[in-house]
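Now for the letters of each chain:
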Amino acid sequence: MRNVRTVLQRLSIAMAVLCAGCAHYHENPPLGAISPETGYRYSVIRPAPTNDKPFVILAFSGGGTRAAAFSFGLMEELRLVEYSAKDGSKRRLLDDVEIISSVSGGSFTSAYYALFPERFYSEFPQRFLYRNIQSGLILRLFNPYNWVRLASPDFSRIDMADEYYNDTVFEGKTFADLLKRPQGSVPFLVLNATDISINHRFEFTQDQFDLLCSNLSDVTVSRAVAASSNFPVAFAPLTLDNYKNDCGALPEWIGPALDRGQNPKRRVAEAAAAQSYRDPDRRFVHLLDGGLSDNLGLRGPFQAVTTTDSPWSVLNYANLGQLGRLMVIAANAKTTKQRAWDAKSSPPGIGAVLDVITGGPMDDVSFDSIEMIDGHFTSMKQLSRTVDSCNKRLAKYPDALQITNPLTTDFTFAELTFDDIPDAYLRTCLQGLPTSFSLSDKTVDLLRATAGYLLMSSDEFVAGMKRLDPAWKPRQIIIDPVLIDEVCRALPAYESGK
Amino acid sequence: MEFFQCPCPQRGEVKLDGKDQGPNKDDAGNLLVKQCNRGLHFVSLQCSDGKECVSRLVQITDTDPISPLEVPFQCET
């Protein structure tokens, strides 16, 4: 009997070791040769833009379910925004969304919309927003089968989370499924993670995967969302294979951009980051939450709007005369934590310090991103006005030639943030919301309503819409005070805010 | 933001680091100003009528929309 038990024990250990050995999760296949006409790229997903309609870019921030609900609220409101086009027809602004760039919690919303636009509004709330994702993840962690798999060095908690998102939210869809949709039927999706070896933004597009000589098409969308929302410490970094086959040359801009003496430091850094994937010793890529390099999803759009280096450069379309109006709308679900540490002499605990370490840099990067894009738009408007002013003065001299103004794009940047809510009670309440994958139904309802309210009360958005259609008027939105009270009275921030 | 234009006796398509930026001139023959980010770039012009395209490595910096950098080309047969 004792022998049988020993044999069984040894057999169990052997099975566990075998299973752990089988648990392998680098599911990004190699790419034979780079082809600019195929794969998940802007130019493949969208037809070339035209001057007669606005080019809309949406950016969804991180922040767990709070961010997902807030960005969903923005999508709900955008669906209702209609304007009169130049030919007199009515158009929905939602149909002009060319690109959605997202991070972490916001990536669940953007990815679901790109995959299932027909049932996005009816299904996503129940599928994700009102679901206790956090409990689902914890339950999987307590499954003994996963303990064995987690013993493998090639399978970690983030791979388990990826499986959960794949099973419960994204139905096993891959980037190839996104490519099957008719061109122009959905926006180009840019899911952002952070490459922690070079501390740089990493986007799930074929242009990025070209650098790894890997084919994005067979990668599941859930894997990209898992990487984008891979919160440090809670999960281990997500690993991708970086292949060393000769799939094709690096983009042409990288060579000249590496010249340190003749380029701005940021451009050199971008080029060095791209080139690093071809280094012989970089055989794998380790990814964490996109928020570590850009918690708003705005860095990619900034690069696209200000450079011709971006693989989906929007500036290129300005040069081609195809960019009449550019509108960037950022749903920023950032919170402002009320810290009571300074009232006591004892230092904050390890949990509080970890919270600062993981969240602090995200807030700083976000602030910089807003400043950068807002500053760029302001500077472009000033340059354009300068040319117009010059021409006004030149007009006084009959022999003087007029200067053709190359800056013909109309720029709008609208940031939706809780900081702009005039009501201190609601503002403090939302700023105190936790970052988690589980919020009460009422909280989700309040976030959805707030996004619509903030869009309709954004001065920048309203001004941009009026330049597009002078007859357009914002919808009057009043957030239900009963709903506000139901959510906010349960939060610790309630007293201080009230 | 930086600005440049590509004067050439012929009409052609401006390429910046291999990417198409549209024609160098409008239909009336006026030079068009192109935008790019600051730094070193490959600029070329694909001339029409089978003329040869020439590529040049140019530093584009300290420009403005009123006085863009001129990157002249001479299309060769």
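Note that the coordinates shown come from a computational prediction; the quantities given were computed from them, not determined experimentally.

Remarks on the state of the cysteines
Residue and element names in this part refer to chain A.
Next, step 1: Applying the stated criterion across every chain yields a total of two disulfides over all chains.
Next, step 2: One disulfide in the model links Cys213 with Cys247; its S-S distance is 2.0 Å. Given an S-S torsion of about -75°, the disulfide between Cys213 and Cys247 has left-handed geometry. Highlighted residues: Cys213 in the loop between helix H10 (206–211) and helix H11 (221–228) and Cys247 in the loop between strand S7 (238–241) and helix H12 (254–257), separated in sequence by 34 residues.
Next, step 3: Under the relative-accessibility criterion, Cys247 is labelled buried at 5%.
Next, step 4: Between the sulfur of Cys429 and that of Cys488 lies a disulfide, 2.1 Å long from S to S. Here the disulfide of Cys429 and Cys488 is left-handed, its torsion about the S-S bond being about -85°.

Comments concerning the side chain of Thr450 of chain A
Residue and element names in this part refer to chain A.
Next, step 1: Within the element layout of this structure, Thr450 appears in helix H18 (residues 441–456).
Next, step 2: Residue classification places Thr450 among the buried positions, given a relative accessible area of 0%.
Next, step 3: Within the local environment of Thr450, its side chain forms a polar contact with the backbone oxygen of Leu446, the two atoms lying 2.6 Å apart.
Next, step 4: Once residues within four sequence positions are removed from consideration, Thr450 is found in contact with Phe70, Ile421, Leu430 and Ile479.

Concerning the pairing of strand S8 (residues 284–289) of chain A
Residues and elements named next belong to chain A.
Next, step 1: When strand S5 (residues 188–195) meets S8, the two strands line up antiparallel, connected through three bridges. Across the sheet, residue Thr194 finds its bridge partner in S8, namely Leu288.
Next, step 2: As paired elements, S7 and S8 share four bridges and run antiparallel to each other. If you follow Asp241 over to S8, its bridge partner there is Phe284.

Thoughts on the packing of aromatic side chains
Next, step 1: Enumeration according to the criterion identifies 31 aromatic pairs over all chains in this entry.
Next, step 2: Centroid distance Phe108 of chain A to Phe128 of chain A: 4.3 Å. Interplanar angle 20°. Geometry classified as stacked. Note that Phe108 of chain A is positioned in helix H4 (residues 105–115) and Phe128 of chain A in helix H5 (residues 120–129), a separation of 20 residues in sequence. When sorted by exposure, Phe108 of chain A lands in the same class as Phe128 of chain A, which is buried.
Next, step 3: Stacked on the ring of Phe73 of chain B, the Lys or Arg Arg56 of chain B has its end atom at 5.9 Å from the ring centre.

Some points on empty space enclosed by the protein
Next, step 1: In this structure the tally under the stated criterion is one cavity of 30 Å³ or more.
Next, step 2: By volume, the largest cavity is sized at about 80 Å³.
Next, step 3: What lines the largest cavity is a set of 13 residues, among which Leu315, Ala318, Met380 and Phe411 of chain A together with Gln35 of chain B lie closest to the centre.
Next, step 4: Put simply, the parts of the chain that give the lining of the largest cavity at least two residues each are helix H15 (315–319) and helix H16 (350–394) of chain A.

The rules behind the values
Residues numbered from 1 in each chain as written. Chains lettered and ligands numbered in written order. Predicted model: local features only at pLDDT ≥ 70, side-chain atom pairs only at ≥ 80, totals over all residues. Heavy atoms only, no water. Disulfide = S-S within 2.5 Å. Helix = DSSP H or I, 4+ residues; strand = E, 2+ residues; numbered from the N terminus. Buried < 20%, exposed > 50% of the residue type's maximum accessible area, 1.4 Å probe, protein only. Polar contact = N/O pair within 3.5 Å; in protein donor to acceptor, adjacent residues only side chain to side chain. Contact = heavy atoms within 4.5 Å. Pairing = 2+ DSSP bridges. Phe/Tyr/Trp six-rings, centres within 6.5 Å; stacked < 30°, edge-to-face > 60°. Lys NZ or Arg CZ within 6 Å of the ring centre and 35° of its normal. 1 Å grid on protein atoms, 1.4 Å probe; cavity = no way out; pocket = protein on both sides within 12 Å on 5 of 7 lines; lining within 4 Å. Points joined across faces, edges and corners; volume = space filled by probe spheres on them.

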